[in-house]
Amino acid sequence: MSQLSGYLLLSAFLFSIGLAGALTRRNAILVLIGIELMLNAANLNFIAFWRYGPHPEALTGVMFAIFSISVAAAEAAVGLSIILAVYRHSRTTDLDKLNSMKG
Amino acid sequence: MTISFLLLAAITIIGTAAAMTLKNLVHCVLALSLGLVGLAALYMQLGAQFVGFTQILVYVGAVAILAAFAIMMTRSADPAVSHVVSSFRASGALIAILVFAVLAWATISGTSAQPILTAAPESSVGQVGAALMHRFVLPLEVIGLLLTAALIGAGILAMDEHRGNQNRGTR
Amino acid sequence: MTGHLVTLDQIFVVIKHWLLGFVPGALQPISSAILSVVPVVIAFPLLFAITTVLERKGLGRMQNRYGPNRAGWFGILQPMADGIKSLTKEDIVPKTADQLVHFLAPVVMVIASFLVYAVVPIGRNMVIADLNAGVLFFFAIGSMVELSVFMAGWSSHSKYSLLGAMRAIAQMISYEMPLVLASVVVIMAAGSLSTVTIVNMQAGYTGIWPHWYLFTPWGIIGFVIFMIAATAESNRCPFDMPEGESEIIAGYFIEYSGFKFALFFLAEYLGMFATSAMAITFFLGGWSAPFSFLTWIPSYFWFFAKLLTIICAFIWVRGTLPRLRMDQLMNFAWKFMLPLSLINIVGAGIWHFMPAGFTRWGVVSLLLALSCVLLSRGLRRNKWFHVRTYRFAS
């Protein structure tokens, strides 16, 4: 097993951990953290392929990872403020209880 | 599979697994920070220093603290009244295991054939800056707009409407 | 410079290479790292000890009293007394506190505070790690301090400490933006993120005047913004609302006693020294002498002289200004410092593209002065000055 497949396996593992957390946890904030983990796993994939793939001088992987980090930060900010607004309305962050659209 | 890669991978896996399974939410956020620092160290080991430091600055310095603040303000740090996992835990875990199996099969069958022995590429900060200004200038401007929109949007969404109406008029 | 003066300037480098000669080849990299790190780890805590005495005596004199003068000749052994006291005090941890996080918070803070010294150039050829992205490393590690503040405040499970931690983090995050933007001007002018390159660009002289970035209009404003933001980042007066001694007693480290409290104290002062060292690197020319006829004095002497001057300025400001309220603090950061630092970047860009001479001095100074005046007027516009009536005054 080469170096690249080691990094890719780690990235797949992190992705599935994030997916498991996003699908099974009850609190909305932890679902958001799971989504952030999935984005990070994809970033690791990009950097690993940049390092071990053809044409690393084009810096494509590094650029994509930088933009992905910025977008993830913006998404975390907006997501957390949505959770705060929902909490202010219905006094709970439990996703099992937030299952009706009636306001 | 060098020893440093195995060590950093172990730290990252422990941190992220703890982040998704612990009961106390603030412990989850702190374990997530540990996992993200491990990931940043992996980026630096792969030769992308700029991305590694940016990851620490943005994720550990901002996103983790934002999540901690959100946990404080939504009172989620109090001990859980019921189960911490939702009622769909079996199917959720099954889906995650299936996804990992498919990805692992694709990885092992796809890349273990040829060992890749390229030399370490150099990515100095100057090259990253030049690339941002020449080839990637359009994404840079779009990211600026996106971040501005996110800033304004997050501020409006989290603003207390009741107090916002009170502030108009008298002081 | 003649041979002897060069040796005096490079004496630490020469000693390090001589000591490395005794080490077998296989252990060379790690011994080189240890030999670079040990002097820094010794020098800066020693500076911390001197600063505690200096601060207490300086504040005392400003408040018309003696400072500590019992512990030794003029109180010079006071840090030793303080150290022995904090080592032998009982370590009280509240029963409902989160034990692991409570223990780890000062550790993380001290580690982060020590790590940032890796990119500070203390003298000519005297830097621990010449990183390509040195400035980014400094800001990244500096942002880990906020996480440890949150850990300290939350783990004590006490309302005062949580309140202090929230205030401290809000203040630190607000002032991190002007801090970074004030250093962006320097990065633009030097063209590199490496601290060694930034200092080398300022080490030249025209006539007797140095090329420090302080002697440009955007440099002066940048230096002032950086120093104000550094005061806020280290929670020093007038920004020490989070550790307001008369209000919430000690803020986020209220439940810490003994050696952990001393560690927080150490970490806070080390952070202050680190941001001062970066201000010296960015704006004051690092280790370069102020005039060209003074270059015979060793470079590390100039670095520590500038550092001590800035520390004395910090102590002076602490003894002079009253504390800012939380909303005043936040208004100041978001409505004055942030727009001013953005306009500073525009000014530095104009400076870069205009030809050298009085014109560019005039244009950029006018732009910056105008924006200072207009922004401070905007800051005052929302104030509502009531006439205060005290009910029981005669």
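Residues numbered from 1 in each chain as written. Chains lettered and ligands numbered in written order. Predicted model: local features only at pLDDT ≥ 70, side-chain atom pairs only at ≥ 80, totals over all residues. Heavy atoms only, no water.

### Section: the overall build of chain B
Looking only at helices and strands, chain B has seven helices and zero strands in total. Tracing chain B from N to C terminus, the helices and strands come up as α-α-α-α-α-α-α. Taken over 171 residues, chain B has a buried fraction of 36%. Within chain B, counting contacts between residues at least 6 apart in sequence, those at least 24 apart form 48% of the total. About 9,700 Å² of surface is accessible on chain B, with carbon and sulfur atoms providing 71% of the total. (Helix = DSSP H or I, 4+ residues; strand = E, 2+ residues; numbered from the N terminus. Buried < 20%, exposed > 50% of the residue type's maximum accessible area, 1.4 Å probe, protein only. Contact = heavy atoms within 4.5 Å. Areas by Shrake-Rupley, 256 points an atom, 1.4 Å probe, with all protein chains shown as cover.)

### Remarks on the packing of aromatic side chains
The final tally for this structure, using the stated rule, is 28 aromatic pairs over all chains. For the ring pair Phe53 of chain B and Phe137 of chain C, a centre distance of 5.4 Å and an interplane angle of 75° mean the geometry is edge-to-face. Of this pair, Phe53 of chain B sits in helix 3 (residues 49–73) while Phe137 of chain C sits in helix 6 (residues 134–142), placing the two residues on different chains. Residue Phe53 of chain B shares its accessibility class with Phe137 of chain C, and that shared class is buried. Taking the centre distance of 5.5 Å and the plane angle of 85° together, the rings of Phe303 of chain C and Phe304 of chain C count as edge-to-face. Overall, Phe303 of chain C belongs to the buried group, its relative accessible area being 0%. When the ring centre of Tyr52 of chain A is taken as origin, the NZ or CZ atom of Arg51 of chain A, which lies over that ring, is 4.7 Å away. Above the face of the Trp351 of chain C ring, Arg360 of chain C is positioned so that its terminal group lies 4.1 Å from the ring centre. (Phe/Tyr/Trp six-rings, centres within 6.5 Å; stacked < 30°, edge-to-face > 60°. Lys NZ or Arg CZ within 6 Å of the ring centre and 35° of its normal.)

### Looking at the packing of helix 5 (residues 99–115) of chain C against helix 11 (residues 259–283) of chain C
All names here are of chain C. In contact at an axis separation of 9 Å, helix 5 and helix 11 are set at 25° when each is read in the N-to-C sense. With respect to helix 11, the element helix 5 is oriented roughly parallel. As for the relative orientation of helix 5 and helix 11, their crossing is left-handed in sense. Where helix 5 abuts helix 11, its residues His102, Phe103, Ala105, Pro106, Met109, Val110, Ser113 and Phe114 lie against Lys260, Leu263, Phe264, Leu266, Ala267 and Leu270. Among the residues making up the contact of helix 5 with helix 11, the classes are represented as 11 nonpolar, two polar and one charged. (Axes fitted to C-alpha atoms, helices over the stretch in contact; angles between N-to-C directions. Parallel < 35°, antiparallel > 145°, perpendicular 65-115°, else oblique. Left-handed = near helix turned anticlockwise from the far one by under 90°. Nonpolar A, V, L, I, M, F, W, Y, C, P; charged D, E, K, R; others polar.)

### A few points about the interface of chain B and chain A
Taken together, the contact pairs 83 residues of chain B with 69 residues of chain A. Surface buried jointly by chain B and chain A totals about 6,600 Å² across both partners, of which 77% is contributed by carbon and sulfur atoms. Interface area lost by chain B to chain A is led by Met20, Leu46 and Tyr59 of chain B, which between them contribute 12%. Our count for the contact surface shared by chain B and chain A stands at zero salt bridges. At the boundary of chain B with chain A, the tally comes to nine residue pairs in polar contact (both at pLDDT 80 or more). Taken together, the elements giving at least two residues each to the side of chain B that touches chain A come down to helix 1 (3–21), helix 2 (25–45), helix 3, helix 4 (89–111), helix 5 (125–134) and helix 6 (137–158) of chain B. (Buried area = accessible area lost by both parts, 1.4 Å probe. Salt bridge = Lys/Arg side-chain N within 4 Å of Asp/Glu carboxyl O. Polar contact = N/O pair within 3.5 Å; in protein donor to acceptor, adjacent residues only side chain to side chain.)

### Thoughts on helix 3 (residues 28–62) of chain C
Here helix 3 of chain C spans 51 Å end to end across 35 residues, near enough to the 51 Å set by a 1.5 Å rise per residue. The first or second residue beyond helix 3 of chain C is Asn64 of chain C, which carries a positive phi of 65°. (Expected span 1.5 Å × (residues − 1).)

### Brief notes about the environment of Pro29 of chain C
The residue Pro29 of chain C is located in helix 3 in this model. Sequence-wise, Pro29 of chain C and Pro298 of chain C are 269 residues apart; in three dimensions their C-alpha atoms are separated by 27 Å.

### Topic: the packing of helix 3 of chain B against helix 8 (residues 159–190) of chain C
Where helix 3 of chain B meets helix 8 of chain C, the axes come as close as 12 Å, and the angle between the chain directions of the two elements is 145°. Viewed along their axes, helix 3 of chain B and helix 8 of chain C form a crossing whose handedness is left-handed. Counting all contacts with helix 3 of chain B, which are made through Leu57, Ile65, Phe69 and Met72 of chain B, the residues of helix 8 of chain C involved are Leu162, Met166, Ile169, Ile173 and Glu176 of chain C. In the contact of helix 3 of chain B with helix 8 of chain C, the residues fall into eight nonpolar, no polar and one charged.

### Some points on the nonpolar core
In this structure, Phe44 and Phe273 of chain C are the most contacted members of the largest nonpolar core, which totals 169 residues. In terms of residue count, the dominant contributor to this core is helix 11 of chain C (15 residues). Mapped onto the domain boundaries, this core takes at least three residues apiece from domain 1 (1–82) and domain 2 (124–171) of chain B. Other than its neighbours up to four places away in sequence, Phe44 of chain C contacts Tyr117, Ile122, Leu270, Phe273, Phe303, Phe304 and Leu307 of chain C. (Core = buried A, V, L, I, M, F, W, Y, C linked by side-chain atoms within 4.5 Å. Domains from an automatic or database assignment.)

### Focus on unusual backbone geometry
With a phi angle near 60°, Leu59 of chain A is a residue other than glycine that sits in the positive phi range. The topology assignment puts Leu59 of chain A in the loop between helix 2 (28–52) and helix 3 (60–90).

### Digging into helix 1 (residues 3–24) of chain A
Spanning 22 residues, helix 1 of chain A covers 32 Å between terminal C-alpha atoms, matching the ideal 32 Å at 1.5 Å per step. Most of helix 1 of chain A is tucked away, with 17 of its 22 residues classed as buried.

### A look at the confidence of the model for chain B
Residue and element names in this part refer to chain B. Looking at chain B as a whole, the pLDDT averages 85, with 82% of positions reaching at least 70. Per-element mean pLDDT across chain B ranges from 55 in helix 7 (residues 161–167) up to 94 in helix 1. Across residues 166–171, confidence stays below pLDDT 50; counting only partners more than four residues off in sequence or on other chains, it has one contact. If you check the scores for this complex, the pTM reads 0.90 and the ipTM reads 0.90. (pLDDT = per-residue confidence, 0-100.)

### Observations regarding the interface of chain C and chain B
Tallying the contact residues gives 23 residues for chain C and 21 residues for chain B. Put simply, chain C and chain B have zero salt bridges between them. Linking chain C with chain B are one residue pair in polar contact (both at pLDDT 80 or more), by the criterion used here. Of all the secondary-structure elements, those providing two or more residues to the side of chain C that touches chain B are helix 6, helix 7 (144–155) and helix 8 of chain C. Counted by class, the side of chain C that touches chain B contains 18 nonpolar, two polar and three charged residues.

### Considering the pattern of salt bridges
Residue and element names in this part refer to chain C. With the rule as written, the count across this model stands at eight salt bridges over all chains. Arg124 is the partner of Asp9 in a salt bridge, and the nearest nitrogen-oxygen pair spans 2.7 Å. You can see Asp9 sitting in helix 1 (residues 3–9) and its partner Arg124 sitting in the loop between helix 5 and helix 6, a full 115 residues away along the chain. In this structure, Glu55 engages Arg318 in a salt bridge whose closest nitrogen and oxygen atoms are separated by 2.5 Å. Taken together, the positions of Glu55 in helix 3 and Arg318 in helix 12 (residues 299–320) put the pair 263 residues apart, joining distant regions of the chain.

### Quick look at a nonpolar patch on the surface
Taken together, the side chains of Leu8, Ile11, Phe12, Ile15, Trp18, Leu19 and Phe22 of chain C define a hydrophobic patch exposed on the protein surface, amounting to about 690 Å² of accessible area. Looking at where Leu19 of chain C falls in the secondary structure, it is placed in helix 2 (residues 11–20). (Patch = residues over 30% accessible without salt bridge, like charges linked within 9 Å, V, L, I, M, F, W, Y side chains within 5 Å.)

### Brief notes about the side chain of Glu146 of chain C
Along the chain, Glu146 of chain C turns up in helix 7. Put simply, Glu146 of chain C is tucked away with no salt bridge, and the nearest opposite charge, on Arg167 of chain C, sits 16 Å away. Once residues lying within four places of it in the same chain are set aside, the contact partners of Glu146 of chain C are Gly61 and Ile65 of chain B together with Ile169, Met172, Ile173 and Glu176 of chain C. (Lys, Arg positive; Asp, Glu negative; His and termini not counted.)

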